[in-house]
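Coordinates in review
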Amino acid sequence: MYISNHFTLVRKISNGILICLAAILLGCGGGGGQEAAKPILIKFPHVTAPATPKGEAAERFKQVVEERLAGRVAVEVYPSAQLMSDDDSLDALAFGEVQMIAISLSKLDRLTHKFQIFDLPFLFPDLPAVERFQASDYGQGLLRSMVDSKLLGLSFWHNGMKQFSGPAPMRTPESAKGLKFRIMESDVLQAQILQIGGNPQKMAFAEVYQALQTGAVDAQENTWSNIYSSKFYEVQPYITETNHGYLGYLVAVNPDFWASLPDDIRSELALIVQEVTIWANEQSTIIDLAGKEKIIESGQSEVIELTADERAAWQRAMRPVWDTFSESIGADLIAAAQAYDK
Ligand code: LMR
């Protein structure tokens, strides 16, 4: 009698332990199996307005993730530098304060010179040429080139080609002489402005409008969508359509965060990033050209279109920048990149 009661008690206790163990393994421990597991949070800060190629891509990423990984992953997008600047986001990603960024390739100069090739003026004639280069072995190799700095690239997103805006039409490179230009944090862009006799000032994106408005700087280079959405056209009477350089982004995560994700979540997120990349890179040109149209319609800034000869003069004037950086970038790589123009 005693023995049989004792066995019943032991079975009850071990069943209880098994139930508790199962609850813990299912992630319901502590709440008696009542509490649902919290979704993994991806904080995603960026510096452009929501209605830009990057702003739209980040929102689409959030929507698709929250549809396909509902309850398992949540994405918080912080546009317009409302959470932090690009420069600060590199540190925040490394320290795990944010989980994803999409930062201009030019601003990676702080961590590696490997991305300098994207800033060489007039190297890539258009976005398809950039895209072919990014898809090459070299381009794909760049994604993993900053893992030691706690930054793992997942993909490249386009914004568009850059134009110069300023206080006067800039038909010739000589017209840039003596002007103070805001540039992104890149030594190639600094050399490019020095090459045309301008005075380059590295500055965070969120400060540019005020710097132009107050005259702290006279001019800047950016894409149509950034010039429109950040209202630079309201304080820059002329925009010269040079298409002289590329502005695109590295979509990146912290490699430790990425490795810590459950396998199925990581592979689904990687798939979503690839799908959003295709969508975003198709949209970028549409959004950029819409920005140009809206600037023209506003009548607040005059758009200067260059003749082929005028554009060639800009190209010649800036070309020495290639020589300055050919050792750090690699002359063979520059030649290889040029081959992607067809
Ligand atoms: C800039 O600083 O001009 C750009 O990097 C902004 C952006 O992210 O497109």
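Look up a bit, the structure's there.
Report on the accompanying structure. (Residues numbered from 1 in each chain as written. Predicted model: local features only at pLDDT ≥ 70, side-chain atom pairs only at ≥ 80, totals over all residues. Heavy atoms only, no water.)

Some remarks on the packing of helix α2 (residues 53-68) against helix α10 (residues 263-298)
At a minimum axis distance of 9 Å, the contact between α2 and α10 shows a crossing angle of 150 degrees. Every pair of crossing elements has a handedness; the one defined by α2 and α10 is right-handed. Residues Pro53, Glu56, Ala57, Arg60, Phe61, Val64, Val65 and Arg68 of α2 lie in contact with α10, whose contacting residues are Glu268, Leu269, Leu271, Ile272, Val273, Glu275, Val276, Trp279, Ala280, Ser284 and Ile287. A per-class count over the contact of α2 with α10 returns 13 nonpolar, 1 polar and 5 charged. (Axes fitted to C-alpha atoms, helices over the stretch in contact; angles between N-to-C directions. Helix = DSSP H or I, 4+ residues; strand = E, 2+ residues; numbered from the N terminus. Left-handed = near helix turned anticlockwise from the far one by under 90°. Contact = heavy atoms within 4.5 Å. Nonpolar A, V, L, I, M, F, W, Y, C, P; charged D, E, K, R; others polar.)

Quick look at the site of the ligand
Around the ligand there are 13 residues in total, and Lys54, Ser104, Lys107, Arg182 and Tyr249 lie nearest to it. Here Ser104 contributes a side-chain N or O atom positioned 2.4 Å from an oxygen atom of the ligand. Arg182 is positioned with one of its side-chain polar atoms (N or O) 2.7 Å from an oxygen atom of the ligand. Protein contact buries 100% of the 270 Å² of open area that the ligand shows by itself. Classifying every residue of the shell around the ligand gives 5 nonpolar, 5 polar and 3 charged. (Near = heavy atom within 4 Å. Polar contact = N/O pair within 3.5 Å; in protein donor to acceptor, adjacent residues only side chain to side chain. Areas by Shrake-Rupley, 256 points an atom, 1.4 Å probe, with all protein chains shown as cover.)

Overview of the pattern of salt bridges
Using the criterion set out here, one finds 14 salt bridges in the structure. The partner of Asp264 in a salt bridge is Arg72, with the nearest N and O atoms 2.9 Å apart. Note that Asp264 is positioned in helix α10 and Arg72 in the loop between α2 and β2 (73-78), a separation of 192 residues in sequence. Glu305 serves as the salt-bridge partner of Lys292, at 3.9 Å between the closest nitrogen and oxygen. Remark: Glu305 occurs in strand β11 (residues 302-305) and Lys292 occurs in helix α10; sequence separation between them is 13 residues. Among the charged side chains, a network of salt bridges with common partners joins Arg68, Glu268 and Glu275. (Salt bridge = Lys/Arg side-chain N within 4 Å of Asp/Glu carboxyl O.)

These figures come from the coordinates and say nothing about function on their own.
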